[in-house]
Amino acid sequence: MSKPLTLQALAAELGLELRGASTDVPLVGLATLATARPDQLSFYHNPRYHADLRSTQAAGVVLRPEHAADCPVACLLTDNPYLAYARVSQLFVRASSTTVGVHATAQIDPSARLADDVTVGANVVIGAGAVIGTGCHIGANCVIGDDCLLSDNCLLHANVTLYHGVRLGKRCILHAAAVIGSDGFGFARSGGRYHKIAQLGGVSIGDDVEIGAGTCIDRGALDDTVIGTGVKIDNQVQIAHNVRVGDHSVICGCSAIAGSSVIGKNCTIAGAVGVVNHVTICDDVTVTAMSLVNQDIDTPGVYSSGTGLDVTGNWRRNIVRFRQLDDIWRRLLRIERREGRRD
Amino acid sequence: MSKPLTLQALAAELGLELRGASTDVPLVGLATLATARPDQLSFYHNPRYHADLRSTQAAGVVLRPEHAADCPVACLLTDNPYLAYARVSQLFVRASSTTVGVHATAQIDPSARLADDVTVGANVVIGAGAVIGTGCHIGANCVIGDDCLLSDNCLLHANVTLYHGVRLGKRCILHAAAVIGSDGFGFARSGGRYHKIAQLGGVSIGDDVEIGAGTCIDRGALDDTVIGTGVKIDNQVQIAHNVRVGDHSVICGCSAIAGSSVIGKNCTIAGAVGVVNHVTICDDVTVTAMSLVNQDIDTPGVYSSGTGLDVTGNWRRNIVRFRQLDDIWRRLLRIERREGRRD
Amino acid sequence: MSKPLTLQALAAELGLELRGASTDVPLVGLATLATARPDQLSFYHNPRYHADLRSTQAAGVVLRPEHAADCPVACLLTDNPYLAYARVSQLFVRASSTTVGVHATAQIDPSARLADDVTVGANVVIGAGAVIGTGCHIGANCVIGDDCLLSDNCLLHANVTLYHGVRLGKRCILHAAAVIGSDGFGFARSGGRYHKIAQLGGVSIGDDVEIGAGTCIDRGALDDTVIGTGVKIDNQVQIAHNVRVGDHSVICGCSAIAGSSVIGKNCTIAGAVGVVNHVTICDDVTVTAMSLVNQDIDTPGVYSSGTGLDVTGNWRRNIVRFRQLDDIWRRLLRIERREGRRD
């Protein structure tokens with residue numbers, strides 16, 4: 001942001017209608033309805049914050065036209081305030097101090113090819129044959145293996161590790177300590193011990209993929225592990241070898257997808273979900289938090305497992321009965337049968 | 001420890017009563033009751049080790065007065081042996097070989113301000129405007145973003161990543177590969193794809209917080225993610241954007257706290273627990289291992305979910321019945337109703 | 001692989017019988033039955049791919065003698081095709097561009113002892129008193145603490161952190177961002193706050209252990225945390241202080257083993273399993289995915305917990321009944337008692 005951003009300028013930039021008493025005060029940032037000051041913008045999307053809307057002191061609020069009457073300050077009208085918020089938020093990203101260019105301490109193999117305008121941080125290591133596209137930004141202390149391909153405008157935060165042969169599409173964002181291309185967990189057991197199976201595939205990642213901090217994606221055993229276009233993966237997710245994730249699916253934090261499983265397009269895998277190996281999940285499936293997917297899912301919908309939370313004293317009694325549940329079922333059937341004979 | 005530590009010296013240092021036949025042998029370390037040699041100290045706290053107490057060969061044992069009669073060697077008496085053990089353990093920490101000072105390979109932005117006595121390891125990168133307080137120790141290969149604040153006496157082990165604008169209180173300890181300040185997982189969906197919401201908040205961490213290896217704490221979307229004073233977080237914990245954790249709470253390994261949830265003070269979140277988003281947990285709550293908190297908790301107490309472990313053959317039969325549980329309930333009610341009519 | 005590898009050469013190398021129409025085409029790689037080209041080898045092990053066997057275009061297939069009749073191309077016969085595949089896979093591992101030797105940017109304490117032939121990547125830091133055996137390969141940006149011991153032929157990928165006093169057996173493989181030797185999570189509570197217990201033990205790891213990306217193994221409180229010979233640990237596993245894992249056991253991704261627990265030999269801990277603290281699991285136990293082990297297991301076998309997956313609508317009804325399960329049990333007993341009185 002080089003010049004001051006007023007409500008009028010913002011409305012023009014986003015193509016939104018500005019309604020109500022607006023000011024020329026330059027906007028200095030975004031804030032929640034409850035905390036916004038008169039030089040900050042806010043947005044209204046979630047009904048649980050309706051009281052905050054009525055009392056906000058923001059310079060203006062992005063909201064749906066039907067809520068304008070409840071807003072005491074200027075309104076920016078849109079049918080999708082959350083999307084408008086996403087767009088506005090990008091205008092307030094602070095620039096990093098990092099200078100464009102390759103840091104003197106970076107260790108780059110002579111055979112690697114870097115576009116002219118890439119940013120390479122301190123202590124970065126780039127292997128032989130790697131190709132780094134235009135506009136890429138590689139954070140400090142990243143290690144990029146041989147023959148990796150970073151398409152244009154990728155952003156790697158600090159301490160990311162790419163093993164050899166990892167391919168990223170355009171505009172991918174990888175957060176700190178992510179590891180892509182580590183060996184799949186493959187062993188053949190013989191004679192009471194495990195023999196390592198070399199993992200000869202790679203990892204292929206589509207355009208516009210975001211990968212969270214500490215997330216690991218293993219390379220394929222033979223073919224590639226494949227992450228589709230527009231997939232968003234949160235922190236500390238584990239994706240095993242040969243997995244395929246369909247376009248525009250979302251995987252939330254701490255989920256684990258075991259080997260050779262397939263997740264369809266437009267799926268939402270909530271946090272701490274487990275998917276066992278060799279399972280196929282069709283398109284448009286949502287799995288709720290901490291569920292275990294231990295079978296194929298071939299019908300779109302919402303799926304869950306677990307027991308729900310309870311006070312531990314009650315829970316202890318109930319888990320004893322859970323272990324007797326099949327017995328309970330059989331005794332119930334016997335009662336019904338005896339009733340039938342009596343009637 | 002510069003001079004030899006005898007039992008007498010230790011008793012004086014900790015203000016404990018020394019009882020029984022003590023020796024002048026310098027203590028070389030701490031050990032369990034079962035393995036301690038005559039130049040090592042031990043402690044007795046957990047009744048499961050009572051037999052070990054009776055046969056220990058330690059130089060001395062830290063214990064409660066009522067157990068002194070069962071101890072064959074010298075006793076150091078205290079009402080809280082576990083606390084005394086914590087204090088004694090600090091006396092036996094080995095010094096690191098790291099020299100105080102800034103390593104020649106560290107890359108420090110000229111605008112960063114470091115106290116005179118800080119230790120900065122090899123290949124550390126410190127961004128513009130960062131402030132590093134007195135007595136801080138930053139391990140090798142850490143990356144510290146612009147405008148971070150490390151208050152006095154923080155210890156960062158190797159390979160830690162702090163994004164920009166992370167603030168640590170005094171005496172914080174961050175273990176290797178921890179990531180603080182990564183982007184929260186926020187997207188607006190429109191037109192079948194996800195649009196990134198810039199994460200404009202920071203992370204604010206109180207005094208005396210310890211953060212485990214590989215743990216990730218995301219920055220807030222607008223306001224800060226906040227970790228209270230004295231909070232202890234184990235390895236591989238995921239804390240999403242906007243979460244607030246109250247003072248003196250503990251979060252054990254592999255737990256995941258989803259976005260905007262609030263954990264009260266003095267809570268204990270056991271290992272591998274999941275907390276869904278927008279949940280509030282009041283003060284003084286314990287959640288047992290691998291439970292899912294999918295609703296607010298407004299009463300102090302102990303909470304659990306899950307089924308308890310079983311032999312897989314039985315378990316398979318019971319999970320079939322779990323899916324019929326509501327049907328079982330309804331059939332049971334119908335039987336009771338028919339009984340009522342018959343009587 | 002310096003010279004071309006034909007089917008004949010491969011059969012000789014592995015001591016397998018070659019049957020059927022073989023060619024002299026040099027093999028360029030391994031592939032699945034469905035995707036293999038005429039210059040690639042494949043293998044048949046899992047019956048789910050039987051149709052692919054019948055139509056494969058591979059140069060040859062490694063399989064059991066009884067399946068040779070179904071194979072349209074040359075066969076390499078063995079009783080354990082999966083093991084043969086593991087061995088063959090090693091022949092196709094691509095060489096890294098890394099030159100043998102110590103990179104100029106590595107920071108190695110003068111008191112560390114390195115064998116002549118070790119490879120040390122860029123920006124590696126090695127502490128005082130560390131010993132690195134012959135044939136070891138240490139990836140870029142690793143940090144190795146004081147007094148660590150790497151026995152011969154260990155491979156550390158990039159960004160691994162070893163705290164001080166970690167001992168690795170021969171031929172260990174550690175993947176990127178693994179952390180070994182971080183402090184155990186030990187505190188004594190007193191006066192409403194937690195006091196840190198210094199973690200004075202180390203970590204002792206046997207021969208032929210593989211440790212996945214992002215996995216953390218804490219040092220012991222007093223004695224060592226111990227990982228047995230031949231143990232294979234997947235990505236993002238958390239192993240707490242004082243844990244002991246028996247020889248040739250396997251721990252899959254995202255599992256968490258809490259403090260002082262003991263896992264026997266030849267166990268298989270599937271993905272996302274939790275083991276609470278102070279639990280003992282005997283030899284030859286399998287725990288299925290996402291189960292919680294909250295009690296000792298003293299009989300070999302297969303163990304599980306959880307509810308199995310369901311459509312969320314049904315699941316919501318059933319978890320309500322789960323909280324009434326003990327009540328259901330009691331009402332069932334009362335009906336049976338009343339029946340008994342009536343009869």
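Residues numbered from 1 in each chain as written. Chains lettered and ligands numbered in written order. Predicted model: local features only at pLDDT ≥ 70, side-chain atom pairs only at ≥ 80, totals over all residues. Heavy atoms only, no water.

Draft legend 1. Examining the overall build of chain A more closely. On a plain count of helices and strands, chain A comes out with five helices and 37 strands. Relative to the 2.2 N^0.38 estimate, which gives 20 Å for 343 residues, the radius of gyration of chain A is 26 Å and therefore markedly larger than a compact globule would have. With the C-alpha coordinates aligned to their principal axes, the bounding extent of chain A is approximately 85 × 65 × 35 Å. Split into buried and exposed, the 343 residues of chain A put 58% on the buried side. Sequence separation of at least 24 residues holds for 16% of the intrachain contacts in chain A that already meet a minimum separation of 6. Total accessible area on chain A stands at roughly 12,800 Å², and carbon and sulfur atoms take up 49% of it. For chain A, the distance from the average site of its 30 positive side-chain charges to the average site of its 33 negative ones is 11 Å. (Helix = DSSP H or I, 4+ residues; strand = E, 2+ residues; numbered from the N terminus. Rg over C-alpha atoms; globule rule 2.2 N^0.38 Å. Buried < 20%, exposed > 50% of the residue type's maximum accessible area, 1.4 Å probe, protein only. Contact = heavy atoms within 4.5 Å. Areas by Shrake-Rupley, 256 points an atom, 1.4 Å probe, with all protein chains shown as cover. Lys, Arg positive; Asp, Glu negative; His and termini not counted. Charge placed at Lys NZ, Arg CZ, Asp CG, Glu CD.)

Draft legend 2. Structural context of the interface of chain B and chain A. Counting from both sides, the interface comprises 80 residues of chain B and, opposite them, 76 residues of chain A. Scanning the region where chain B abuts chain A turns up five salt bridges. Lys196 of chain B is the salt-bridge partner of Glu210 of chain A, the closest N and O atoms lying 2.7 Å from each other. Our count for the chain B to chain A interface comes out at 30 residue pairs in polar contact (both at pLDDT 80 or more). At the level of elements, β18 (179-182), β19 (187-190), β20 (193-196), β23 (216-218), β35 (292-293), β36 (301-304), α4 (312-322) and α5 (325-342) of chain B are the ones that each hand at least two residues to the side of chain B that touches chain A. Ranked by the residues each element gives to the side of chain B that touches chain A, the list is headed by α5 of chain B, at eight residues. Residue classes in the side of chain B that touches chain A are distributed as 37 nonpolar, 27 polar and 16 charged. Here strand β37 (residues 310-311) of chain A pairs with β36 of chain B via two bridges, running antiparallel. Note on β36 of chain B: the bridge partner recorded for Asp310 of chain A is Ser304 of chain B. (Salt bridge = Lys/Arg side-chain N within 4 Å of Asp/Glu carboxyl O. Polar contact = N/O pair within 3.5 Å; in protein donor to acceptor, adjacent residues only side chain to side chain. Nonpolar A, V, L, I, M, F, W, Y, C, P; charged D, E, K, R; others polar. Pairing = 2+ DSSP bridges.)

Draft legend 3. Structural view of the interface of chain A and chain C. At the junction of the two partners, chain A supplies 80 residues and chain C supplies 76 residues. Taken together, the two surfaces of chain A and chain C that pack against each other cover about 6,400 Å², and 59% of this comes from carbon and sulfur. Where chain A packs against chain C, one counts five salt bridges. Between the two partners, chain A and chain C, sit 30 residue pairs in polar contact (both at pLDDT 80 or more). Among the secondary structure elements, those contributing two or more residues to the side of chain A that touches chain C are β18 (179-182), β19 (187-190), β20 (193-196), β23 (216-218), β35 (292-293), β36 (301-304), α4 (312-322) and α5 (325-342) of chain A. Broken down by element, the side of chain A that touches chain C gets its largest block of residues, eight residues, from α5 of chain A. (Buried area = accessible area lost by both parts, 1.4 Å probe.)

Draft legend 4. Seen up close, the nonpolar core. Counting residues in each nonpolar core, the largest one holds 120 residues, and the members touching the most others are Leu150 and Leu162 of chain B together with Leu150 and Leu162 of chain C. When residues no more than four places from it in sequence are discounted, the contact partners of Leu150 of chain B are Val131, Ile132, Gly133, Cys136, Ile138, Ile144, Leu156, Leu162 and Leu168 of chain B. Ala130, Ile138 and Val209 of chain A together with Cys254 of chain C belong to the second largest nonpolar core, which has 60 residues in total. (Core = buried A, V, L, I, M, F, W, Y, C linked by side-chain atoms within 4.5 Å.)

Draft legend 5. Focus on helix α3 (residues 81-91) of chain A. Among the residues making up α3 of chain A, those that are buried are Pro81, Leu83, Ala84, Tyr85, Ala86, Val88 and Ser89 of chain A. Check the buried side of α3 of chain A and you find it contacts α1 (7-14), β2 (29-30), β3 (40-43) and β4 (60-63) of chain A together with β19 and β20 of chain B.

Draft legend 6. Examining the relation of the copies chain B and chain A more closely. Superposing chain B onto chain A takes a rotation of 120° combined with a translation of 0.0 Å along the rotation axis, leaving an RMSD of 0.1 Å. The relationship between the two copies is best expressed as a three-fold rotation axis. Across chain B, the rotation axis passes nearest the C-alpha of Gly306 of chain B, at a separation of 3.4 Å. (Least-squares fit on C-alpha atoms with pLDDT ≥ 70 in both.)

Draft legend 7. Region of interest: unusual backbone geometry. Residue and element names in this part refer to chain C. Its identity as a non-glycine residue notwithstanding, His278 has a phi of 60°, on the positive side. Relative accessible area serves as the criterion here: at 30%, His278 is assigned to the partly exposed category. The phi angle at Asp284 is positive, at roughly 60°, despite the residue not being glycine. Mapped onto the elements, Asp284 comes out in the loop between β33 (280-281) and β34 (285-287).

Draft legend 8. Fine view of the packing of aromatic side chains. For the structure on display, the rule yields 18 aromatic pairs over all chains. Judged by centre distance (6.3 Å) and plane angle (75°), the ring pair of Phe187 of chain B and Tyr194 of chain B falls under edge-to-face. Taken together, the ring pairs connect Phe43, Tyr82 and Tyr85 of chain A into an aromatic cluster. (Phe/Tyr/Trp six-rings, centres within 6.5 Å; stacked < 30°, edge-to-face > 60°.)

By themselves, these observations are geometric and do not establish any function.
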